[in-house]
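Below, each chain spelled out in residue letters.
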Amino acid sequence: MSRDALLLPLAVALLLFFGGAGAGYVFAASGDPAAQMLLDTVKEGVFAQVADDAPLMLAAKIFLNNLQACAILFLGGATFGLLTFFILFSNGLVVGIFVNEIIDTLGPLGLAAGIVPHGIFELPAIFISGALGLALARAMVAELMGRGDAVAEATRMGGQFLRIVVPLLVVAAVIEAFITPALLQVVI
């Protein structure tokens, strides 16, 4: 699959994620208690598991968590994209809620310090994984219509996932575990 063939799925992935993020931000800013409940649930579930980890262990856990999320985004294409659509939007929703919370507590500089260093690697990995999932859905539809081979396309896309997404996730996890906490200490 050529890079050009991923442009439309990438655009859709970006729209879904940022649409969800915008909705999450507005949802949290509205003061709806459900937004705070969702935020608390994520904090208690995800962050409680890594709160006291050494940076190397934290990097490994972050990497594995993000790898799992990205793999599901990609393989979610096998549900004709329904799972990929849902995960992109819902992850965006949670990010939007967190962005609202971070801006309220740490301000824009805290947001930049907490997200930008690792986000410049992690977010593209998420978007590319989503685009691959949507492209896989398109390949499945094409095969059903007798115009393609979804297995061959999935194999090619799997190679792209390994060559592009996995290294981005490694770099993002290392930065998030080792650099982001130090930056936040400077800002806070």
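Residues numbered from 1 in each chain as written. Predicted model: local features only at pLDDT ≥ 70, side-chain atom pairs only at ≥ 80, totals over all residues. Heavy atoms only, no water.

- In the annotation of an unreviewed UniProt entry, the protein chain is listed under the name Stage II sporulation protein M and assigned to Methanofollis aquaemaris.

## Some thoughts on the overall build of the protein chain
Piece 1. A count of helical and extended segments in the protein chain gives five helices and zero strands.
Piece 2. For 188 residues, the compact-globule estimate of 2.2 N^0.38 gives 16 Å, and the C-alpha radius of gyration of the protein chain, at 17 Å, lies within 12% of that figure.
Piece 3. Along the first, second and third principal axes, the C-alpha set of the protein chain runs to 55 × 35 × 25 Å.
Piece 4. Looking at the protein chain residue by residue over its 188 residues, the buried ones come to 40%. (Helix = DSSP H or I, 4+ residues; strand = E, 2+ residues; numbered from the N terminus. Rg over C-alpha atoms; globule rule 2.2 N^0.38 Å. Buried < 20%, exposed > 50% of the residue type's maximum accessible area, 1.4 Å probe, protein only.)

## What about the packing of aromatic side chains?
Piece 1. Inspection of the entire model under this criterion finds four aromatic pairs.
Piece 2. Aromatic pair Phe17 and Phe127: ring centres 5.2 Å apart, planes at 70°, arrangement edge-to-face. Of this pair, Phe17 sits in helix H1 (residues 7–29) while Phe127 sits in helix H4 (residues 82–144); the two residues are 110 residues apart in sequence, bridging distant segments of the chain. In this pair, the class of Phe17 matches that of Phe127, namely buried.
Piece 3. Both rings, one in Phe74 and one in Phe161, keep their centres 5.7 Å apart while their planes meet at 20°; by these two values the pair is stacked. Of this pair, Phe74 sits in helix H3 (residues 55–75) while Phe161 sits in helix H5 (residues 150–187), placing them 87 residues apart in sequence.
Piece 4. With relative accessibility at 7%, the residue Phe74 sits in the buried group. (Phe/Tyr/Trp six-rings, centres within 6.5 Å; stacked < 30°, edge-to-face > 60°.)

## With respect to a nonpolar patch on the surface
Piece 1. Together, Leu56, Val170, Val174, Phe178, Ile179 and Leu183 make up a nonpolar patch on the protein surface, roughly 510 Å² of accessible area in all.
Piece 2. Broken down by element, the nonpolar patch gets its largest block of residues, five residues, from H5.
Piece 3. Relative to the helices and strands, Val170 resides in helix H5.
Piece 4. When its relative accessible area of 40% is taken as the criterion, Val170 is described as partly exposed. (Patch = residues over 30% accessible without salt bridge, like charges linked within 9 Å, V, L, I, M, F, W, Y side chains within 5 Å. Areas by Shrake-Rupley, 256 points an atom, 1.4 Å probe, with all protein chains shown as cover. Salt bridge = Lys/Arg side-chain N within 4 Å of Asp/Glu carboxyl O.)

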